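Fold and geometry: a report
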Amino acid sequence: MSHLLADSAAIFRREALRYSRDRAYWIGQLVFPLAVVGFIGFGLNDVVHLPSGVDYKAHLASGILMLLVGSGAVGGGFSLIEDRETGFLRALLIAPVSRTSIVFGKIAARLVASLVLVFVLVGILALFTPLHLASPVALVASVGGVTIVFVSMGIALASRLRRLESFRLVAALATVPLYLFSGIFYPIETLPLGMRLLAYANPLAYGVDLLRFGLLGVHEFPITLCVSMLTGLSVLSAAVAVVGFDRSVRR
Amino acid sequence: MGNDATTAATTTPASGSDTAAIECRGLVVRFGDVVALDGLDLTVPEGICFGLLGPNGAGKTTAVSVLTTLRRPDAGDARLLGRDVVRDRDAVRAAVGVVFQESTLDPELTPREHLDLYARLYHLSDRHRRVGEVLALVGLEADADRRTRGFSGGMKRRLEIGRGLLHRPRVLFLDEPTLGLDVVARAAIWRHLRDLRAAGDTTIFMTTHYMEEAERICDAVAIVDRGRVVAFGAPEDLERELGGDSVRIELERVSGAAAALERVDGAREVVREEGPQGEGSAVFRVTLSEGPKRLAALLDAVRGFGIVEVHLSGPTLDQVFLHHTGHRFEEAEAPDPLA
């Protein structure tokens, strides 16, 4: 058990070093949301009036943050394919380290990267939108839950798919519908019943709602429902990732 | 796996002076229809530098994969320092270091970061000191904090060897350690391996398809062909077993030439080489005891056949391979089952 923690920490260190050196990643992740909020948010701000009375720029900005966290986290699975392609994974698998530690280390590093990104962006966005730290706990919980669920999905996917191109395609096909029915762009309550039901089945919708509570103090679902959904899904998806990865490297 | 009699016979303590470093019996590995290992038997004593020699596709890499727990054999059993590689996987992993044929480095990390990561994963108590020692050992101190992205093939291979040695494994596996390296880098790797052998506390198990490499660094070699061991011994002994030097001679007229060569005093084995030669001429390989002394007599015997070219060399592992398999090294190259 102590090995599990120490080994996960060692893997975490390596992943964190990689994230910290990926300059293109950080620039892209900072520019994209600012551009979306700048062009679309400001453009629609006076056109769109939300039932909750919340400023549309802020609504969109919080949604885009979650989109960024989700897509970045799925990309965490990407690193597994890269590790396989560079051969790094082979050497790792020969070391006496459990497959669980490898998965946990990757998830933890992504978690920290997501949180750093969100806090930096909130700091910038707060300058020209009404975003503020209404509930830091809700903010961390939502970013954490969505990151764990999406990294795990990415790892499970990467365990099955050997090629980078297939991974990109399948990841996009799997996640784009989640983004559309999650309340990122418009509140779920404004949707017709059929689409609303789809949104209720979407784990990301609970993450977006909880994040909005953290940054704007408003929410559509009960908070306890959001928290328990994210917690349950995090545990479940992490388990799926560990089993999937373990199976893919056992011969 | 393995019947009771052999299991009982090999129940030796996990550590002890008479435990072999490696012991395989009847290993079989199949990739679909391709049989990569076809009943491989091998015993490697502790503390030597051992070479598994064979053409590409002979099953060398597969053997390493099984012995390092990366692949389960379809039949047969393998023990490393007395531990079963399937049942006692974790103990085996802790005891071996592996240098793979392909790079396993992260281009974004520096040598120091690579070694530090593995020092943590192997739970070394003297992490910092050991990482420094290994960097010095493989001559990468000056480049210790540069990312490996821009490293040359030789530098990368040295780092891989350092990673393999980091946790002071009792058995170090190297799969084709000098494949794809230039002459200078190859010489540097050989020097490292010789130093390591001289230090004496690590058993080295390397695969190679370079005869020269095996002759230069290995105390003992096993020649594998089509997934089986066909010869085992010290390179010098295997060569001596041939009982002679090698004469390669090209003759213009073929008819009756082989018989004439066989009649020469001291000639043991006459083989006609296959492949395209000049118009009508043929190349023969003759094993000739005391070659330098008897070469003149041999030339006299075949003068009438029109000598085009003649070449005398000492016995080589290449000939050993030919002797034991009936075909030449290059001809044996099978397609890679993993490719």
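This structure is a prediction, so every number in the text was calculated from the model and none was measured.

On to the overall build of chain A. Across its full length, chain A holds ten helices and zero strands. If you list the helices and strands of chain A from N to C, you get α-α-α-α-α-α-α-α-α-α. By its C-alpha atoms, chain A is 60 × 35 × 35 Å across when sized along the principal axes. Relative to its full complement of 251 residues, chain A shows a buried share of 45%. Look at the contacts in chain A between residues 6 or more apart in sequence, and 79% of them connect residues 24 or more apart.

A few words on the sheet that holds strand 14 (residues 307-313) of chain B. Residue and element names in this part refer to chain B. Taking strand neighbours across the sheet as the criterion, the four strands line up as 12-13-11-14 in an open arrangement whose pairing is antiparallel. Of all the strands in the sheet, just strand 12 (267-272) and strand 14 have a single pairing partner and so form its edges. Pairs of neighbouring strands in the sheet enclose a mean axial angle of 20°, with direction left out of account. Note: strand 11 (residues 245-251) against strand 14, six bridges, orientation antiparallel. Along strand 14, the bridge assignment pairs Leu-251 with Ile-307.

Turning to the sheet that holds strand 5 (residues 83-84) of chain B, a few remarks are in order. The strands that make up a sheet are held in pairs by hydrogen bonds between backbone atoms, and each pair lies either parallel or antiparallel. Residues and elements named next belong to chain B. The strand order 2-1-4-5 describes an open sheet built from four strands, whose pairing is antiparallel. Two strands lie at the open edges of the sheet, namely strand 2 (34-44) and strand 5, each paired on one side alone. Relative to strand 2, strand 1 (residues 22-31) runs antiparallel, the two sharing eight bridges. Within strand 2, the position partnered with Phe-31 by the bridge is Val-34.

All right, on to the environment of Val69(A) then. Residues and elements named next belong to chain A. Looking at the element boundaries, Val-69 is found in helix 3 (residues 56-86). Look at Val-69 and you get buried, because 30 C-beta atoms sit within 10 Å. Along the backbone, Val-69 and Ser-135 are 66 residues apart, and their C-alpha atoms lie at a distance of 18 Å.

Chain B puts 24 residues into the contact, and the matching count from chain A is 17 residues. If you list the elements that add at least two residues to the side of chain B that touches chain A, you get helix 3 (89-95) and helix 4 (111-121) of chain B. Taken together, the residues of the side of chain B that touches chain A break down into eleven nonpolar, three polar and ten charged.

With 17 residues, helix 7 (residues 164-180) of chain A should reach 24 Å at 1.5 Å per residue; the first-to-last C-alpha distance of 24 Å fits that figure. Looking at the packing, one finds that the buried side of helix 7 of chain A touches helix 3, helix 6 (136-160) and helix 9 (203-216) of chain A.

All names here are of chain B. Overall, the predicted model of chain B reaches an average pLDDT of 84, with 89% of residues at or above 70. A low-confidence stretch, residues 1-17 (pLDDT under 50), is modelled with 16 contacts involving residues beyond four sequence positions or located in other chains. For this predicted complex, the interface confidence reaches an ipTM of 0.88, while the overall pTM sits at 0.81.

Counting residues in hydrophobic clusters, the biggest one holds 143 residues, and the most contacted among them are Leu65(A), Met66(A), Leu67(B), Leu80(B) and Phe173(B). Not counting residues up to four positions away in its chain, the partners in contact with Leu67(B) are Ile22(B), Ala78(B), Leu80(B), Val85(B) and Phe173(B). Residues Val247(B), Leu251(B), Val286(B) and Val302(B) belong to the second largest nonpolar core, which totals 15 residues.

So, on to the packing of helix 6 of chain A against helix 9 of chain A. The description of two packed helices rests on the angle between their axes and on the distance between the axes. Residue and element names in this part refer to chain A. As a packed pair, helix 6 and helix 9 sit with axes 7 Å apart at the nearest point and diverge in direction by 155°. Taken as axis vectors, helix 6 and helix 9 run roughly antiparallel relative to one another. The chirality of how helix 6 crosses helix 9 is left-handed. Side by side, helix 6 and helix 9 meet where Pro-136, Ala-138, Leu-139, Ala-141, Ser-142, Val-143, Gly-145, Val-146 and Val-149 of the first sit next to Pro-203, Leu-204, Gly-207, Leu-210, Leu-211, Phe-213, Gly-214 and Leu-215 of the second. Partitioning the contact of helix 6 with helix 9 into residue classes produces 13 nonpolar, four polar and no charged.

A word on unusual backbone geometry. All names here are of chain B. The phi dihedral of His-123 is positive, around 55°, even though this residue is not glycine. Take His-123: it is sitting in the loop between helix 4 and helix 5 (127-137). Although it is not a glycine, Arg-226 adopts a positive phi angle of roughly 50°. In this structure, Arg-226 sits in the loop between strand 9 (220-225) and strand 10 (228-233).

All names here are of chain B. For strand 8 (residues 203-208), a buried count of six out of six residues is recorded, marking the element as mostly surrounded by other parts of the structure. Burial of the side chains of strand 8 extends over both faces: Thr-203, Phe-205 and Thr-207 are buried on one face and Ile-204, Met-206 and Thr-208 on the other. With five bridges joining them, strand 3 (residues 49-53) and strand 8 adopt parallel strand pairing. Following the sheet pairing, Leu-53 is matched in strand 8 by Thr-208. The pairing of strand 7 (residues 171-175) with strand 8 spans five bridges and is classified as parallel. Opposite Asp-175, over in strand 8, you have Thr-207 as the bridge partner. The β-α-β motif built from strand 7, the intervening helix 7 (residues 183-199) and the parallel element strand 8 has right-handed crossover chirality.

Each value, and the rule that gives it
Residues numbered from 1 in each chain as written. Chains lettered and ligands numbered in written order. Predicted model: local features only at pLDDT ≥ 70, side-chain atom pairs only at ≥ 80, totals over all residues. Helix = DSSP H or I, 4+ residues; strand = E, 2+ residues; numbered from the N terminus. Buried ≥ 20, exposed ≤ 12 C-beta atoms within 10 Å, placed from the backbone. Contact = placed C-beta atoms within 7 Å. Pairing = 2+ DSSP bridges. Axes fitted to C-alpha atoms, helices over the stretch in contact; angles between N-to-C directions. Nonpolar A, V, L, I, M, F, W, Y, C, P; charged D, E, K, R; others polar. Expected span 1.5 Å × (residues − 1). pLDDT = per-residue confidence, 0-100. Core = buried A, V, L, I, M, F, W, Y, C linked by C-beta atoms within 7 Å. Parallel < 35°, antiparallel > 145°, perpendicular 65-115°, else oblique. Left-handed = near helix turned anticlockwise from the far one by under 90°. Right-handed = clockwise from strand over helix to strand, strands pointing away.

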